[in-house]
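Spelled out, the chains give:
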There are 2 protein chains.
Amino acid sequence: MSETAVVSRRKGGRVARQAMRAAPLTADKRAIGPGLESGSFKVLNDLQIKRIHTAVLDVLENIGLADAIPSCIEVVTAAGGVLKDNGRLTFPRALVEDTIAKANRNVVLYGQSPQHDMDISGSRTYFGTAGAAVHMVDAVTGEYRESTTQDLYDIARMVDKLENIHFFQRAVVCRDLADPFDMDFNTCYASVSGTTKHVGTSWVDPMHLEKSFEMLHLIAGGEKKWRERPFVSMSNCFVVPPLKFAEDACRCLEVGVRGGMPILLLAAGQAGATSPASLAGSVVQEVAEVLAGLCYVNAIEPGAPAIFGTWPFVSDLRTGAMSGGSGEQALLVAACAQMGRFYDLPTGVPSGMCDSKVPDYQAGAEKGYNHAITGNSGTNLVYESAGMHASLLGMCMESLVLDNDTIGSVLRTVKGIEVSEDTLSVEAIRQVCEEGPGHYLGSDQTLSVMQSEYFYPDTGERSSPNEWVEKGRPTALMKAMEIVRETMAGHYPRHISDELDREIRQKFNIKLPREQMTP
Amino acid sequence: MSETAVVSRRKGGRVARQAMRAAPLTADKRAIGPGLESGSFKVLNDLQIKRIHTAVLDVLENIGLADAIPSCIEVVTAAGGVLKDNGRLTFPRALVEDTIAKANRNVVLYGQSPQHDMDISGSRTYFGTAGAAVHMVDAVTGEYRESTTQDLYDIARMVDKLENIHFFQRAVVCRDLADPFDMDFNTCYASVSGTTKHVGTSWVDPMHLEKSFEMLHLIAGGEKKWRERPFVSMSNCFVVPPLKFAEDACRCLEVGVRGGMPILLLAAGQAGATSPASLAGSVVQEVAEVLAGLCYVNAIEPGAPAIFGTWPFVSDLRTGAMSGGSGEQALLVAACAQMGRFYDLPTGVPSGMCDSKVPDYQAGAEKGYNHAITGNSGTNLVYESAGMHASLLGMCMESLVLDNDTIGSVLRTVKGIEVSEDTLSVEAIRQVCEEGPGHYLGSDQTLSVMQSEYFYPDTGERSSPNEWVEKGRPTALMKAMEIVRETMAGHYPRHISDELDREIRQKFNIKLPREQMTP
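Residues numbered from 1 in each chain as written. Chains lettered and ligands numbered in written order. Predicted model: local features only at pLDDT ≥ 70, side-chain atom pairs only at ≥ 80, totals over all residues. Heavy atoms only, no water.

As annotated in an unreviewed UniProt entry, chain A carries the name Methyltransferase and is attributed to Kiloniella laminariae. Of the comments in the UniProt record for chain A, the one headed Sequence similarities (unreviewed entry) reads "Belongs to the trimethylamine methyltransferase family." (UniProt positions renumbered as here; feature names shortened; annotations may be inferred.)

**Q** Give a description of the overall build of chain A that names residues and reports values.
**A** What chain A contains, in helices and strands, is 20 helices and 21 strands. In summary, chain A has a C-alpha radius of gyration of 24 Å against a globular reference of 24 Å for 519 residues, a match within 12%. By its C-alpha atoms, chain A is 85 × 60 × 50 Å across when sized along the principal axes. When burial is assessed residue by residue, chain A has 66% of its 519 residues classed as buried. Pairs at least 24 apart in sequence give 75% of the contacts found in chain A among residues at least 6 apart. Accessible area of chain A: about 17100 Å², with a carbon and sulfur share of 51%. (Helix = DSSP H or I, 4+ residues; strand = E, 2+ residues; numbered from the N terminus. Rg over C-alpha atoms; globule rule 2.2 N^0.38 Å. Buried < 20%, exposed > 50% of the residue type's maximum accessible area, 1.4 Å probe, protein only. Contact = heavy atoms within 4.5 Å. Areas by Shrake-Rupley, 256 points an atom, 1.4 Å probe, with all protein chains shown as cover.)

**Q** How would you explain the relation of the copies chain B and chain A if you had to name every residue and give the values?
**A** Note on the identical chains: chain B maps onto chain A by a rotation of 180 degrees and an axial translation of 0.0 Å, with an RMSD of 0.0 Å. Taken together, the rotation and translation relating the two chain copies correspond to the operation of a two-fold axis. Most of the interface of chain B is mirrored in chain A, where 100% of its interface residues again form contacts. (Least-squares fit on C-alpha atoms with pLDDT ≥ 70 in both.)

**Q** If you had to explain the interface of chain B and chain A to someone new, which residues and values would you point to?
**A** Counting from both sides, the interface comprises 116 residues of chain B and, opposite them, 116 residues of chain A. Buried surface at the junction of chain B and chain A, summed over both partners, amounts to about 9600 Å²; 65% is from carbon and sulfur atoms. Joining chain B to chain A, the criterion identifies twelve salt bridges. Here Asp316 of chain B makes a salt bridge to Arg462 of chain A, at a shortest N to O gap of 2.7 Å. Applying the counting criterion to the chain B and chain A interface returns 43 residue pairs in polar contact (both at pLDDT 80 or more). In terms of residue count, the dominant contributor to the side of chain B that touches chain A is helix α13 (residues 361-375) of chain B (ten residues). Grouping the constituent residues of the side of chain B that touches chain A by class yields 53 nonpolar, 39 polar and 24 charged. (Buried area = accessible area lost by both parts, 1.4 Å probe. Salt bridge = Lys/Arg side-chain N within 4 Å of Asp/Glu carboxyl O. Polar contact = N/O pair within 3.5 Å; in protein donor to acceptor, adjacent residues only side chain to side chain. Nonpolar A, V, L, I, M, F, W, Y, C, P; charged D, E, K, R; others polar.)

**Q** Mind laying out the sheet that holds strand β19 (residues 381-383) of chain B, listing which residues take part and the relevant values?
**A** Residue and element names in this part refer to chain B. Read across the open sheet, the four strands follow the order β1-β6-β19-β18; overall the sheet is mixed. Edge strands, defined here as strands with exactly one partner in the open sheet, are β1 (36-37) and β18 (348-350). As judged from the two bridges shared by β1 and strand β6 (residues 124-127), these two strands associate in the antiparallel manner. In the strand pairing of β6, Glu37 is matched with Arg124. (Pairing = 2+ DSSP bridges.)

**Q** Provide a residue-level description of the side chain of Asp403 of chain B, including the pertinent values.
**A** Summarising the element assignment, Asp403 of chain B is placed in helix α14 (residues 397-415). Polar contacts involving the side chain of Asp403 of chain B include one to the main-chain amide nitrogen of Gly387 of chain B, which spans 2.7 Å.

**Q** Now, about unusual backbone geometry: what can you tell me, with residues and values included?
**A** Pro242 of chain A follows Pro241 of chain A through a cis peptide bond whose omega is 0 degrees. Tracing the backbone shows Pro242 of chain A in the loop between β12 (239-240) and β13 (244-245). For the peptide bond that leads from Gly436 of chain A to Pro437 of chain A, omega is 10 degrees, which places it in the cis range. Following the sequence through the fold, Pro437 of chain A ends up in the loop between α16 (426-435) and α17 (444-448). The backbone of Ser391 of chain A sits at a positive phi, close to 50 degrees, despite the residue not being glycine. Take Ser391 of chain A: it is sitting in the loop between β20 (388-389) and β21 (394-395). The buried category is assigned to Ser391 of chain A, whose relative accessible area is 10%. Phi at Leu392 of chain B takes a positive value of approximately 90 degrees, unusual for a residue other than glycine.

**Q** Describe the nonpolar core, and please don't skip the residues or the numbers.
**A** With 345 residues, the main nonpolar core has Phe91 and Leu291 of chain A together with Phe91 and Leu291 of chain B as its most contacted residues. Take this core: its biggest share by element is 15 residues, from helix α11 (residues 279-300) of chain B. The residues touching Leu291 of chain A, leaving out its near neighbours within four places in the chain, are Val56, Leu60, Val96, Ile100, Phe308, Tyr343 and Leu345 of chain A. (Core = buried A, V, L, I, M, F, W, Y, C linked by side-chain atoms within 4.5 Å.)

**Q** Requested: an account of the environment of Ser420 of chain A, with residues and values cited.
**A** Relative to the elements of secondary structure, Ser420 of chain A occurs in the loop between α14 (397-415) and α15 (421-424). Taking the C-alpha atoms as reference points, Ser420 of chain A and Cys72 of chain A, separated by 348 residues in sequence, lie 53 Å from one another.

**Q** Any chance you could break down the pattern of salt bridges for me, citing the residues and the numbers?
**A** Inspection of the entire model under this criterion finds 70 salt bridges over all chains. For Lys357 of chain A, the salt bridge goes to Glu461 of chain B, with nearest N and O atoms at 3.2 Å. On the criterion of chain membership, the pair formed by Lys357 of chain A in the loop between β18 (348-350) and α13 (361-375) and Glu461 of chain B in the loop between α17 (444-448) and α18 (465-470) is interchain, its members lying in two chains. For Glu461 of chain B, a relative accessible area of 2% puts it in the buried group. Measuring nitrogen to oxygen at the nearest pair gives 3.8 Å for the salt bridge that ties Lys84 of chain B to Glu434 of chain A. Linking Lys84 of chain B in the loop between β2 (82-83) and β3 (89-90) with Glu434 of chain A in helix α16, this pair reaches from one chain into another. Its relative accessible area of 28% is what places Lys84 of chain B among the partly exposed residues. If you follow the salt bridges from partner to partner, you end up with Lys84 of chain A together with Glu427, Arg430, Glu434 and Glu435 of chain B in one network.

**Q** Outline the packing of aromatic side chains, supporting the account with residue identities and numerical values.
**A** Residues and elements named next belong to chain A. Per the stated rule, a full pass over the model turns up 24 aromatic pairs over all chains. On the basis of an interplanar angle of 65 degrees and a centroid distance of 5.9 Å, the ring pair of Phe308 and Tyr343 is categorised as edge-to-face. On the criterion of sequence distance, the pair formed by Phe308 in strand β16 (residues 306-310) and Tyr343 in helix α12 (residues 327-343) is long-range, its members being 35 residues apart. The exposure class of Tyr343 is buried, given its relative accessible area of 5%. What links up through ring pairs into an aromatic cluster is the set Phe167, Trp311, Phe313 and Tyr383. Between the NZ or CZ atom of Arg157 and the centre of the ring of Tyr492, over which it lies, the distance is 4.0 Å. (Phe/Tyr/Trp six-rings, centres within 6.5 Å; stacked < 30°, edge-to-face > 60°. Lys NZ or Arg CZ within 6 Å of the ring centre and 35° of its normal.)

Written out as structure tokens, the structure reads:
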């Protein structure tokens, strides 16, 4: 039965009004959107949170981190940190708690287009991509091939079109670029060219970042404008778990902080390998590492925008391999997100890093339960949430589209249930039962909440078995393939003008030909 | 790397001890199992719960239910109910609240084998099947064919083997049986013959139920033994939403209550069709209907075992079709489960009724997010949780196996995180960081928590892309097909002896030949 058919069940006089109600609503009236307040899932109780916090302070004050670079030691000890005889940099309780108290908790991650700005304060939640996959996955054959700069750009413009993916963090490695500078620089270029949503990426060398800043200033219209609305954040693995600073990443971090770039303080311990196998211990180490990073950032520049980036990974302890799709993964992330909310810090965690190599049942299930739990955990940012396979080794275009729908359904659960005199519906129930027609089809209330209470997936197949056979047994994947084809053929963001692009190409070695960025 | 390889990374002296630790643990030490305490997901706050409760009392006291049969009117009015002039039976606040206060909240659902008994008090959670699918689904071709008695028996013995499916409620209709008595009776027979787990089924006529009781008494070893451990419960749709009693179901309910059979009080309104489209209103109607049923059961026999069976379904309002896999579905169920916990009643809700016709990405995603939210909602029983497709129209054997893994991962999230001095791991972190080896692979703690903290799926594919290609690109579905083949060939429960079975066949018209119930 079509939408019109539902409407025409009613008496003629009200058809027009009802059709109007059934029409698409403005964004603020839709069931879901970016920045919904999250937090219905709480794996830890208050006592558990406090015990974890106490253990974290113990680790930071007494164990600390190894391998701090001189500039890090300088700023952190000036702020109250202590370099121990064994060379480890430790963070006394007062330093950690003062840093948490004074940290920037009103961070906005800007888009090149203001409609995509993300206020990541409170428990507002956004989903996006991330990762450094080295393969593109063929959704049908399961073929894995090396990812390229063109792939990265294509993923960016696909994300640009997908409503429930709110930001784009670099998802694949440009394996066609052998030179590290070319790779870092062109990764940034392809990302910011492919979408007006907020971009995240990373650099392996501070010089690469400095050059990228030059480009970003050009795109922004000058350094001042960049600093007003920094539309790129840095994913920074400043720590090599367990509890060692990473030299190059720290040098990049310092350049980024001073350049006004928000820093995702990313600690990615793998439980049972580089962090404790005990889930609680893994959370303790993750939180300690990220808070060390927060002290570092705030010692460089108080109030610099930084994201509490606890990315606890899971090992399958039978093999030692990462298992990104497990239930343990969901729990670890949810616990870390709760710690982020306990500190009221901008928080970003990963979810949806499924173990399956292709978008099959396993992939859907792993993404489904991980997103449901992570999305409701109170985190501000959900990274890795679309397109990923093989525990982050593969990226699939069709999965971006499929995952966009899964995220939409999960966002519907994040939105929760509105309870009001009107939605409780006692009068609507009375009318239907006592005055007829004995059902709610086509009732005023039904039509009025059709968009505001319900989310409709793009690819989800909802027809009956008979209709489905008649239609040739379409699957969500087939619909996703069609959406990928259409978007790749037609959607080329042109927010960076030809003139500006020429200027960038004159100054820098851009590897992606402009003609591959046009229809 | 194999389990042995992880172990052998360590120095030789400890290998034996560690191998012992890595060996399978007894059930009580495993990460998951039946009856885990649930409740980490709370979609409603206390005020919202109270407003819903108030609206429910309003509906019951002022609108009530139509079409009560004379025996229902008799017992309910004797308990304090009021028959209104318009013929509707209403339930004053005092009757409802007294009934809730006195209702049986210490219900055990027994298995034929005691190891499968389910204590459904508190927030203990169990997953099982349910439904009345009319098709069996071929997982590979997507072919839908009519389900038979043999299918029902095969599903029961498949469930008998699957560790995370804790009970078996009749999942398909025996479409090879034209006569309603034959169908009801043989459905009960095939179910209790196929598994020693607790069974749920339904009857359309009280006479069918009375005859089934005769068989159940035989199997139990007499009526007294049956009443001590009733191993079959009745799924009873006593209400046709909105707010009308169903005559035949009510007559069966009365026979069941008097025969000591636990009753699943099942209200299955479909939001936007037979219940309000507004989610809060749908919850109000569901809860009101089930509480009316609870008053009815307790008016027949105070303290009779009954399950708060709020099964709110969702319409896709564009077409009017049911959408069992939607995010709205998860929310509705979670809210109803929270109401069940508010009343502290044995609660059973559905989850995993995916819209997809086959076990593909969509099916996995829909089951994943629905199970994650429902499993953590505090419900005692999760019905429909395995095998279902096409919003309950199709049942797939391979999906039972796949869903068993999804449920396992979700149960891991239900279990939560143990926070103790030991699990917080500060000392383990200190040792690894300060004394080496700088990682946790093969550490004492890692080996000791390998089984107690982690769940390992049967079908989940966790190999790397390279290994995966070498293995011939296996998918979880392929592994599930193999498990189905093996189980169907080898697992024939023999808890009903040949002698007893002969006696049953002499007294009743059993349609399933005994030779199809043997290897």
